Amino acid sequence: MKVVSVKTGRPYDILIERHILDRAGEYIRPLTKAIRAVIVSDSNVAPLYADRVAKSLQNSGFATSLFVFRAGERSKRLAAVEQMYLHFLKHDLTRTDIVVALGGGVTGDMAGFAAATYLRGIDFVQIPTSLLAQVDSSVGGKTAVDLPAGKNLVGAFWQPIRVLIDPAVLKTLPDKFFRDGLGEVIKYGCIRSKALFERLERENAADWIDEVIYECVSIKRDVVEQDERDMGERAILNFGHTFGHALEKLHNYSGLTHGEAVAAGAAIITRISERNGITAQGTAKRLEQLLQKYGLPIDAEFPLTDILPAVRGDKKSTGRQVRFIFLKEIGDCLIQAIPVEEFRTFFGEHHF
Ligand code: MG
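Residues numbered from 1 in each chain as written. Predicted model: local features only at pLDDT ≥ 70, side-chain atom pairs only at ≥ 80, totals over all residues. Heavy atoms only, no water.

## A short note on empty space enclosed by the protein
If you walk through the whole model with that rule in mind, you get two cavities of 30 Å³ or more. Considering only enclosed or pocket space, the largest cavity measures out at about 50 Å³ in volume. When contributions to the lining of the largest cavity are tallied by element, the ones reaching two or more residues are helix H9 (241-250), helix H10 (258-275) and strand S10 (321-329). Looking at the lining of the largest cavity element by element, the count peaks at three residues for H9. Counted as a void, the second largest cavity has a volume near 30 Å³. The wall of the second largest cavity is formed by Gly183, Ile186, Lys187, Phe239, Val262, Ala263, Ala266, Leu287 and Leu291. Taken together, the elements giving at least two residues each to the lining of the second largest cavity come down to helix H6 (175-192), H10 and helix H11 (283-293). The class makeup of the residues in the lining of the second largest cavity is seven nonpolar, one polar and one charged. (1 Å grid on protein atoms, 1.4 Å probe; cavity = no way out; pocket = protein on both sides within 12 Å on 5 of 7 lines; lining within 4 Å. Points joined across faces, edges and corners; volume = space filled by probe spheres on them. Helix = DSSP H or I, 4+ residues; strand = E, 2+ residues; numbered from the N terminus. Nonpolar A, V, L, I, M, F, W, Y, C, P; charged D, E, K, R; others polar.)

## A closer look at the coordination of the magnesium ion
By definition of the ideal shapes, four donors in a tetrahedron about a metal sit 109.5 degrees apart, and six donors in an octahedron sit 90 or 180 degrees apart. The protein atoms that coordinate the magnesium ion are Glu184 (OE), His241 (NE2) and His258 (NE2), at distances of 2.1 to 2.3 Å. In primary-sequence terms, the residues that donate to the magnesium ion follow E-x56-H-x16-H. Taken as a pair, glutamate 184 in helix H6 and histidine 241 in helix H9 lie far apart in primary sequence, 57 residues in all. Judged by relative accessible area, glutamate 184 falls into the buried class, the value being 0%. Owing to a relative accessible area of 5%, histidine 241 belongs among the buried residues under this scheme. (Donors = N, O, S within 2.8 Å, 3.2 Å for Na, K, Ca; no water. Buried < 20%, exposed > 50% of the residue type's maximum accessible area, 1.4 Å probe, protein only.)

## Topic: H9
His241, Phe243, Gly244, Ala246, Leu247 and Glu248 are the residues of H9 that are buried. Packing partners of the buried residues in H9 comprise strand S8 (150-157), H6, H10, helix H12 (304-312), S10 and helix H13 (343-347). Residue asparagine 252 follows H9 closely and has a positive phi angle near 55°. (Contact = heavy atoms within 4.5 Å.)

## Describing the environment of histidine 241
Expressed as a C-alpha distance, the spacing of histidine 241 and leucine 89, which sit 152 residues apart in the sequence, is 37 Å. In this structure histidine 241 touches Glu184, Lys187, His258 and Val262, once residues within four positions along its chain are discounted.

## Some points on the state of the cysteines
Counted by the stated rule, this structure contains zero disulfides. In this structure cysteine 190 is a free cysteine whose sulfur lies 9.2 Å from that of cysteine 333, the closest cysteine sulfur available. (Disulfide = S-S within 2.5 Å.)

## Examining H11
Listed in full, the buried residues belonging to H11 are Thr283, Ala284, Leu287, Glu288, Leu290 and Leu291. Along the long axis of H11, the arc covered by the buried residues comes to 165°, so they all point the same way. In the core, the buried residues of H11 are packed alongside H6, helix H7 (194-202), H10 and S10. Glycine 295 occupies a position one or two residues after H11 and carries a positive phi of about 75°. (Arc of directions from axis to C-beta.)

## Quick word on the side chain of lysine 220
Tracing the backbone shows lysine 220 in helix H8 (residues 209-226). Judged by relative accessible area, lysine 220 falls into the buried class, the value being 6%. Here valine 139 takes part through its backbone oxygen, which lies 3.0 Å from a polar atom of the side chain of lysine 220. If sequence neighbours within four positions are ignored, lysine 220 has contacts with Val135, Asp136, Ser137, Val139, Tyr188, Arg234 and Leu237. (Polar contact = N/O pair within 3.5 Å; in protein donor to acceptor, adjacent residues only side chain to side chain.)

Worth remembering: the numbers are spatial, not functional.
Here it is, written out as structure tokens:
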């Protein structure tokens, strides 16, 4: 087993082990006096794994119940969280009981938010089952739901008491979801680890996925420990995301996965920053080749003319600026704010 200890305000361990789903109970029991555990999962993941996790929890003395919601980002709304609260009440969940989030990013975000707010906050455990959730969203304590106006607009920082990662579950993932996670994996190499980037170039990530997860989680841990509340350095985790989010929005959050959007966003911004002399020559080409190796897009289906208004936001008031993460080179990045007034010169006059 590999362990990554996260020293946030409330410290916790991330355990990475194959088939840890079947040992969830024994790894959670020492941390809590809970009598009840509610497993929160979606309609795709629950049929695959909820029984195994429930059995393991029951063997460690937890009375379990299962809350299942319809899979997909569309469920990540306050209405679904309210249904969760009602389930918690119906099953007499008290302040000393726990929530177990079993699933991908949406499940972790939503169950985490419910745990952060139910009875002013109860303990929760993350058991991420997608590569994206394993390397990214299950670590760092961000929980949220979407509003009609945008993603993750309501939420809380709420650290889990433990994260259990089972790389064996990735075998059952369709390729599309594996690629989705690889978009974030490549991001970690770009911003913090040339060694990871180069190993992804040399070898196939699927062949050493346990180590890939460990490397990514360790990088995220380092960044989150420095800036738990996302006031500064944590922004580097958003490399590729400013354009990525704009692309997801233009695609109406369907068709393009988050990882694909981040991949395209990373490639686009790196071509631009290289042209502006911020990024070492040849970096964009190398990034494009790695993204393509893993079946990820390197460009958008929309011209910059359409993307930039989404990047800039609607308000065109002077003095506004947009914070970008640029690579200096592979494995090293910087945060730089570009004033909206300078967009024309930075991105190229002909896009406006
Ligand atoms: Mg992301």
